[in-house]
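Residues per chain, in single letters:
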Amino acid sequence: MTAVWALQAPVPNFAFHRHRLRPCTPSRSQHATSSSSAAAAAVRPTQLQLGQDIPIALRRWTVGDCCFLLVVPDIDAVMEMYIDMGQPDRDPYWCEPWPSALAMAEELLQRPDLVAGKRVCELGCGLGLAGLSAALAGAAEVVLLDREPLALQCALLNAAINGLPTGASAAGVQVPGMEQLLPYLQPSDAQQLAQHQQAVTEQRRQSHSAASTSAAPNTNTHPSSGASSSDAGGSRGSSRALGVVSAEAFDWSQPVTVQRHDVCLVCDCLYEAFSVEPVAAVAPKLLKPLGSRLLLADPPDRARHNRQGRQLLLHCVECFLDILCEESGEFVVEESGEKRVQVWEAGKEAWRSVPVAMMHLRRAAGGETVGVKLARRSVS
């Protein structure tokens with residue numbers, strides 16, 4: 001007998017949404033990459049400094065109506081660091097915002113009710129784009145979780161660059177200030193940073209001014225839309241409070257010691273079969289017992305030219321949900337479907353449409369009838 005995960009009823013689909021990533025060619029720091037190898041060999045990742053030891057660039061990403069400027073470390077230098085540490089199997093690809101994080105960011109900015117006023121965590125945050133979007137959408141608190149200290153440094157710097165307040169983070173997450181990185185930025189990046197921060201400051205000033213002068217509780221400005229097309233780092237026309245962003249080094253294969261959350265964001269964590277069981281085991285431990293949500297996003301076609309990609313992801317998701325049912329009580333599927341994002345392929349100098357499978361799960365009380373419940377059945 002084999003245990004198989006099944007839905008008890010059809011699952012509603014998402015409407016298709018599109019947004020574009022605006023490419024900005026990464027510029028290598030003037031600091032030579034070769035020197036990063038020697039530095040990495042002598043120190044632990046928690047002691048490495050972005051810019052000085054790991055070259056960085058600034059890249060601009062557009063998600064819906066929001067513009068993000070992100071610190072992006074040199075992926076080759078990070079890979080060299082892992083090799084010098086004797087860990088060539090480590091994954092350096094957290095250095096890039098992947099389509100699933102972009103789709104999740106758009107979902108949260110378009111539907112702020114999913115996170116507004118809630119305590120949110122992003123598991124395996126990388127550069128933190130999804131978590132930062134949750135903070136912009138009005139989450140009360142966002143905790144970025146990743147096992148890579150350098151990823152958390154980048155994510156917290158990205159929060160500050162995009163005008164988000166940052167709170168105290170766990171020990172071991174050492175974050176340099178932007179003034180420490182400026183000497184290692186190309187002049188064009190430094191200029192872009194100054195312009196972006198000015199735009200963020202002005203947008204925040206306008207939002208606070210609009211909020212303070214508006215006496216009516218209901219306005220004609222939707223939280224996820226507005227009149228300005230030059231918004232930087234926030235939802236256009238939004239005056240909601242910005243969530244405080246913090247970070248904590250977290251390995252999902254280790255015991256959970258962090259507090260529980262109302263919402264857990266999981267992006268690009270199920271495309272590898274070996275990650276399904278640990279993520280399924282740890283995600284419920286990051287969530288409060290009842291009413292909390294688990295939001296999943298993964299690209300079914302990540303492996304290009306691999307026709308089995310979609311089937312593999314579906315199998316991974318089924319296994320993931322099966323483990324949730326077995327170990328963590330009852331979850332309800334609120335929504336499931338696909339979004340599509342447009343990504344720029346520099347080699348072909350063309351946009352490519354990438355599907356991202358998404359699912360909203362809610363932790364439910366026994367006997368609840370709202371939503372599509374997960375169930376296990378046995379077949380021969």
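Residues numbered from 1 in each chain as written. Predicted model: local features only at pLDDT ≥ 70, side-chain atom pairs only at ≥ 80, totals over all residues. Heavy atoms only, no water.

Enquirer: Would you take a moment to explain the overall build of the protein chain for this structure?
Expert: Each helix and strand in the protein chain was counted, giving nine helices and eleven strands. Counting every position in the protein chain, which comprises 380 residues, the buried fraction comes to 50%. A separation of at least 24 residues holds for 74% of the contacts in the protein chain among residues at least 6 apart in sequence. Only carbon and sulfur atoms are counted for the fraction: they give 51% of the accessible area of the protein chain, which is about 16900 Å². (Helix = DSSP H or I, 4+ residues; strand = E, 2+ residues; numbered from the N terminus. Buried < 20%, exposed > 50% of the residue type's maximum accessible area, 1.4 Å probe, protein only. Contact = heavy atoms within 4.5 Å. Areas by Shrake-Rupley, 256 points an atom, 1.4 Å probe, with all protein chains shown as cover.)

Enquirer: Looking at this model, I keep getting lost on the nonpolar core. Mind explaining?
Expert: One broad rule of soluble globular proteins: the nonpolar side chains tend to lie buried together. Counting 67 residues, the largest nonpolar core has Phe68, Trp94, Met104, Val115, Val245 and Leu265 as its most contacted members. In terms of residues, this core owes the most to one element, helix H5 (residues 149-161), which gives nine residues. Other than its neighbours up to four places away in sequence, Leu265 contacts Met104, Leu108, Val120, Cys121, Glu122, Leu123, Ala130, Gly131, Ala134 and Leu295. Residues Cys264, Ala280, Val282 and Leu324 belong to the second largest nonpolar core, which totals 29 residues. (Core = buried A, V, L, I, M, F, W, Y, C linked by side-chain atoms within 4.5 Å.)

Enquirer: What is the right way to look at helix H2 (residues 75-84) in this model?
Expert: In an α-helix there are 3.6 residues to a turn, and that puts residues three or four apart on one side. Among the residues of H2, Ala77, Val78, Met81 and Tyr82 are the ones counted as buried. Along the axis of H2, the buried positions cluster into a sector of 145 degrees, meaning they face one direction only. Where H2 begins, one side-chain oxygen reaches toward the backbone nitrogen of Asp76, 3.0 Å away; that side chain belongs to Asp74. Backbone geometry just downstream of H2 places Gly86 in the positive-phi region, at approximately 75 degrees. (Arc of directions from axis to C-beta. Polar contact = N/O pair within 3.5 Å; in protein donor to acceptor, adjacent residues only side chain to side chain.)

Enquirer: Even after reading the chapter, I still don't get the pattern of salt bridges, so can you show me in this structure?
Expert: Working definition: two side chains of opposite charge can pair if their charged atoms are close together. Per the counting criterion, the structure on display carries 13 salt bridges. Among the ionic pairs, Glu141 bridges to Arg119, the shortest N-O distance being 2.6 Å. Note that Glu141 is positioned in strand E5 (residues 141-146) and Arg119 in strand E4 (residues 119-123), a separation of 22 residues in sequence. Under the relative-accessibility criterion, Glu141 is labelled partly exposed at 28%. In this structure, Glu202 engages Arg205 in a salt bridge whose closest nitrogen and oxygen atoms are separated by 2.6 Å. Here the residue Glu202 and the residue Arg205 both occupy positions in helix H7 (residues 187-213), the gap between them amounting to three residues, near one helical turn. For Arg205, a relative accessible area of 48% corresponds to the partly exposed category. (Salt bridge = Lys/Arg side-chain N within 4 Å of Asp/Glu carboxyl O.)

Enquirer: What exactly am I supposed to notice about the side chain of Asp74 here?
Expert: With respect to the secondary-structure elements, Asp74 resides in the loop between strand E3 (66-73) and H2. Among the polar contacts made by the side chain of Asp74, one reaches the main-chain amide nitrogen of Asp76 at a distance of 3.0 Å.

Enquirer: What is the right way to look at the environment of Arg363 in this model?
Expert: Examined against the element boundaries, Arg363 turns out to sit in strand E10 (residues 350-363). Arg363 gets classed as buried once you look at its relative accessible area, which sits at 12%. Placed 101 residues apart in sequence, Arg363 and Asp262 show a C-alpha to C-alpha distance of 9.9 Å. A distance of 3.0 Å separates the side chain of Arg363 from the backbone oxygen of Pro284, its partner in a polar contact. Engagement of the side chain of Arg363 in a polar contact is seen with the backbone oxygen of Lys288, the distance being 3.5 Å.

Enquirer: I tried to follow the side chain of Glu148 on my own but got confused; where do I start?
Expert: In this fold, Glu148 is placed in the loop between E5 and H5. Setting aside residues no more than four positions away along its own chain, Glu148 makes contact with Tyr82, Arg90 and Trp94.

Enquirer: When you look at the pairing of strand E2 (residues 56-63) in this model, what are you seeing that I'm missing?
Expert: Side chains on a regular strand alternate between the two faces of the sheet. Judged by how many residues are buried, E2 sits mostly within the fold: seven of eight residues are covered. Both E2 and E3 contribute to a ladder of eight bridges, which runs antiparallel. In the sheet register, Ile56 faces E3, and the bridge partner there is Pro73. (Pairing = 2+ DSSP bridges.)

Enquirer: Would you take a moment to explain helix H4 (residues 129-136) for this structure?
Expert: H4 sits mainly inside the fold: eight of its eight residues count as buried. Inspection of H4 places Leu129, Ala130, Gly131, Leu132, Ser133, Ala134, Ala135 and Leu136 among the buried residues, and these make up the whole buried set. Positioned one or two residues after H4, Gly138 has a phi angle of 110 degrees, which is positive.

Enquirer: Would you mind going over the environment of Arg60 with me for this structure?
Expert: Checked against the element boundaries, Arg60 lands in strand E2. Judged by relative accessible area, which is 24%, Arg60 ranks as partly exposed. Taking the C-alpha atoms as reference points, Arg60 and Leu193, 133 residues apart in sequence, are found 9.9 Å from one another. Among the polar contacts listed, one links the side chain of Arg60 to the side chain of Gln192, at a separation of 3.3 Å.

Enquirer: Just checking my understanding: could you explain the packing of helix H3 (residues 99-110) against H4 for this structure?
Expert: The relative placement of two packed helices comes down to the angle between their axes together with the axis-to-axis distance. At their nearest, the axes of H3 and H4 sit 8 Å apart, and the two run at 5 degrees to each other. The angle between the axes of H3 and H4 places the two elements in the roughly parallel class. Between H3 and H4, the residues in contact are Ala101, Leu102, Met104, Ala105, Leu108 and Leu109 and Leu129, Ala130, Ser133, Ala134 and Leu136, respectively. Residue composition of the contact of H3 with H4, by class: ten nonpolar, one polar and no charged. (Axes fitted to C-alpha atoms, helices over the stretch in contact; angles between N-to-C directions. Parallel < 35°, antiparallel > 145°, perpendicular 65-115°, else oblique. Nonpolar A, V, L, I, M, F, W, Y, C, P; charged D, E, K, R; others polar.)

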